[in-house]
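Structural overview for review
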Amino acid sequence: MTHTPDTFVTRVLDLVDDIPPGRVMTYGGIAAVFGSRGARLVGQIMARYGADVPWWRVIRAGGHPPIGHEERALAHYRDEGTPLTVATGPAGYRIDLSAAGWSPGRGRSPDSE
DNA sequence: CCTATGACTCATC
DNA sequence: GGATGAGCCATAG
């Protein structure tokens with residue numbers, strides 16, 4: 001495909017698109033997969049091109065969803081059954097990285113292997 | 001080529 | 001536990 005530039009953007013989008021439902025990846029985690037630390041890069045890419053990928057499966061290192069999209073992401077998490085953690089606050093909800101954390105090549109439960 | 005920009009992350013106060 | 005600052009890195013203009 002000559003229409004597909006092999007830039008970070010395409011690679012990140014492809015990886016995010018490979019994240020199975022019920023799983024999530026952190027910005028830094030995705031960047032680490034490419035051997036880069038462009039955590040902000042992933043965020044930039046999602047903001048500009050993430051419209052065509054399950055961006056809600058991409059969260060921050062603390063388990064919080066992308067700022068400005070918490071409600072939107074929460075709806076998807078509940079719909080896909082993503083392991084969420086109930087916080088003690090009103091807007092306090094976060095993703096259980098220990099259970100939802102996903103990585104390419106593992107495709108299976110983190111405790112299965 | 002150089003500057004500005006972020007849906008981030010970590011360390012420190 | 002919340003707030004602040006500095007580091008980070010590829011893309012767009």
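Residues numbered from 1 in each chain as written. Chains lettered and ligands numbered in written order. Predicted model: local features only at pLDDT ≥ 70, side-chain atom pairs only at ≥ 80, totals over all residues. Heavy atoms only, no water.

Around DNA strand C, the structure places T7, F8, V9, S36, R37, G38, R40, L41 and Y49. A share of 58% of the atoms of DNA strand C within 4 Å of the protein falls on sugar and phosphate groups. Between a phosphate oxygen of DNA strand C and a main-chain N or O atom of F8, the distance comes to 3.2 Å. Going through the elements one at a time, α1 (8-18) and α3 (39-49) are the ones with two or more residues in the surface near DNA strand C. In terms of residues, the surface near DNA strand C owes the most to one element, α3, which gives three residues. Of the residues contributing to the surface near DNA strand C, the split by class is four nonpolar, three polar and two charged. (Near = heavy atom within 4 Å. Polar contact = N/O pair within 3.5 Å; in protein donor to acceptor, adjacent residues only side chain to side chain. Helix = DSSP H or I, 4+ residues; strand = E, 2+ residues; numbered from the N terminus. Nonpolar A, V, L, I, M, F, W, Y, C, P; charged D, E, K, R; others polar.)

Attention shifts here to the packing of α1 against α3. Look at α1 against α3: their axes get within 10 Å of each other, and the N-to-C directions meet at 85 degrees. Classed by the angle they form, the pair α1 and α3 counts as roughly perpendicular. Within the contact between the two elements, α1 uses F8, V9, V12, L13 and V16 and α3 uses V42, I45, M46 and Y49. For the contact of α1 with α3, the per-class residue count stands at nine nonpolar, no polar and no charged. (Axes fitted to C-alpha atoms, helices over the stretch in contact; angles between N-to-C directions. Parallel < 35°, antiparallel > 145°, perpendicular 65-115°, else oblique. Contact = heavy atoms within 4.5 Å.)

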